[in-house]
Amino acid sequence: MRGRRWATRVAAVTLALGGLVGAAAGPAAADPVGGTLRGVYYDGQFCNSYGSEGVQTGQWSWYYCEYRVYNPNNPGFYFLWTFTY
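Residues numbered from 1 in each chain as written. Predicted model: local features only at pLDDT ≥ 70, side-chain atom pairs only at ≥ 80, totals over all residues. Heavy atoms only, no water.

Chemist: What is the right way to read a nonpolar patch on the surface from this model?
Modeler: A contiguous nonpolar surface patch, about 420 Å² in accessible area, is contributed by Val55, Trp62, Tyr64 and Tyr85. Take Trp62: it is sitting in strand β2 (residues 62–68). The partly exposed category is assigned to Trp62, whose relative accessible area is 39%. (Patch = residues over 30% accessible without salt bridge, like charges linked within 9 Å, V, L, I, M, F, W, Y side chains within 5 Å. Areas by Shrake-Rupley, 256 points an atom, 1.4 Å probe, with all protein chains shown as cover. Salt bridge = Lys/Arg side-chain N within 4 Å of Asp/Glu carboxyl O. Helix = DSSP H or I, 4+ residues; strand = E, 2+ residues; numbered from the N terminus. Buried < 20%, exposed > 50% of the residue type's maximum accessible area, 1.4 Å probe, protein only.)

So this is what it looks like as structure tokens:
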């Protein structure tokens, strides 16, 4: 019985400390104000053509393709952000 109480206390302290660390961490990269993420692509040319097509057909007002590299040893990704105003 004593072991179970000790394990419960350890679990409670671990969860409490995890909550403190989580609360102190900054937010993840957020969507640009008014922006909507439409897709993630390997090819920048495809990202731009899809964004341009959406503007031409009136699906959104404007767009941009953001290039992000998460690992220097691997190629990055193109994030298509669209805006409707």
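Chemist: Would you mind going over the state of the cysteines with me for this structure?
Modeler: In protein structure, a disulfide is the covalent linkage between the sulfur atoms of two cysteines. A full pass over the atoms with the stated rule returns one disulfide. Across the disulfide, Cys47 is cross-linked to Cys65 (sulfur-sulfur distance 2.2 Å). Because the sign of the S-S torsion sets the handedness, a value of about -105° for the bond joining Cys47 and Cys65 places this disulfide among the left-handed ones. Of the two residues, Cys47 is situated in helix α2 (residues 44–56) and Cys65 in strand β2; the sequence distance between them amounts to 18 residues. (Disulfide = S-S within 2.5 Å.)

Chemist: Help me understand the side chain of Arg68, please; the structure alone is not making it clear to me.
Modeler: Mapped onto the elements, Arg68 comes out in strand β2. Looking at Arg68, its side chain comes within polar contact range of the side chain of Tyr70, at 3.0 Å. (Polar contact = N/O pair within 3.5 Å; in protein donor to acceptor, adjacent residues only side chain to side chain.)

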